Amino acid sequence: MISIDPGLRGCGVSKYFYYDKILVDASYVTNTIKKDERNTLHHKAVYNIYNTRNTFYRAERWVALALAVEKWAGEPISIVVVEAMTIYPHLKGDPSDLLEIQAVVGAILARFPDAVHVAVDARTWKGQVPRDIFAARIEKKLRERGWWDRVQIPSRKTHLNDVLHAAGLGLWYLERG
């Protein structure tokens, strides 16, 4: 089982052994192509899309991120749990950003056609707790269970929150089922 906290440029991802309810890995996946991966035809095409000064083609960005998540997963996945975007009229921000993130979610789910897809609204699984406080709670749970060494810590704190939210979403799903 994998759980995903989606974003436009990268996603927090976590992988669990579903029946044992054990975290295997938690990481931050981006659609950035590393220098040693630029040799394949696919990666050359994706690299060219991201390094052009012209307007990016949104669908290609979504697909590139979905391919990065699929590559990270590395094996057939039976369940994909993902945070679904919800537009709340009273909140600040551009709703089109959330719609684009939901398109990323669709591209990711399309890469796992045989998996059970579970989309969960943020308020359903984490309520209205502020992002940093909720991430600290998840970190505490992971440390208590001895899983902290399985978390790949990215350089940016916001990306770490994405990783922790993906791990927390997976924990929430496993604990409720």
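Cut-offs used in this document
Residues numbered from 1 in each chain as written. Predicted model: local features only at pLDDT ≥ 70, side-chain atom pairs only at ≥ 80, totals over all residues. Heavy atoms only, no water. Helix = DSSP H or I, 4+ residues; strand = E, 2+ residues; numbered from the N terminus. Buried < 20%, exposed > 50% of the residue type's maximum accessible area, 1.4 Å probe, protein only. Axes fitted to C-alpha atoms, helices over the stretch in contact; angles between N-to-C directions. Parallel < 35°, antiparallel > 145°, perpendicular 65-115°, else oblique. Left-handed = near helix turned anticlockwise from the far one by under 90°. Contact = heavy atoms within 4.5 Å. Nonpolar A, V, L, I, M, F, W, Y, C, P; charged D, E, K, R; others polar. Polar contact = N/O pair within 3.5 Å; in protein donor to acceptor, adjacent residues only side chain to side chain. Expected span 1.5 Å × (residues − 1). Arc of directions from axis to C-beta. Pairing = 2+ DSSP bridges.

A. Highlighting unusual backbone geometry. Of note, Lys 21 is a non-glycine position whose phi angle comes to about 55 degrees, a positive value. Secondary-structure assignment places Lys 21 in the loop between β2 (10-17) and β3 (22-30). Taking relative accessible area as the criterion, Lys 21 reaches 37% and is therefore assigned partly exposed.

B. Broad picture of the packing of helix α2 (residues 58-73) against helix α3 (residues 95-110). It is the contact of α2 with α3, at a shortest axis distance of 8 Å, that shows an interaxial angle of 50 degrees. When the axes of α2 and α3 are compared, the pair comes out oblique. Here α2 and α3 pass one another in a crossing that is right-handed. Residues Arg 58, Arg 61, Trp 62, Val 63, Leu 65, Ala 66 and Val 69 of α2 form the contact with α3, whose own contacting residues are Glu 100, Ala 103, Val 104, Ala 107 and Ile 108. Classifying every residue of the contact of α2 with α3 by side-chain character gives nine nonpolar, no polar and three charged.

C. Seen up close, the environment of Trp 72. Inspection of the secondary structure puts Trp 72 in helix α2. Aside from chain neighbours lying at most four places away, what touches Trp 72 is Ile 2, Val 13, Ser 14, Lys 15, Asp 25, Ser 27 and Val 29. At a separation of 3.0 Å, a polar atom in the side chain of Trp 72 contacts the side chain of Asp 25.

D. Focus on helix α5 (residues 131-144). For α5, which comprises 14 residues, the first-to-last C-alpha distance of 20 Å matches the rise-based estimate of 20 Å (1.5 Å per residue) to within 8%. Taken residue by residue, α5 has Phe 134, Ala 135, Ile 138 and Leu 142 as its buried positions. Projection of α5 onto a plane perpendicular to its axis shows the buried side chains occupying an angular sector of 100 degrees, all on one side. Of the exposed residues in α5, those oriented more than 90 degrees away from the buried face are Lys 140 and Glu 144. Contacts made by the buried residues of α5 are with β3, α4 (122-126) and α6 (157-176). Once α5 ends, the next one or two residues include Gly 146, with phi positive near 75 degrees.

E. Quick peek at the pairing of strand β1 (residues 2-5). Judged by which residues are buried, β1 turns out to be covered on both faces: Ile 2 and Ile 4 on one side and Ser 3 and Asp 5 on the other are all buried. In the sheet, β1 pairs with β2 via four bridges, with the strands oriented antiparallel. Considered in β2, the bridge of Ile 4 is made with Val 13. In terms of strand pairing, β1 meets strand β4 (residues 79-84) through three bridges, oriented parallel. Opposite Ser 3, over in β4, you have Val 81 as the bridge partner.

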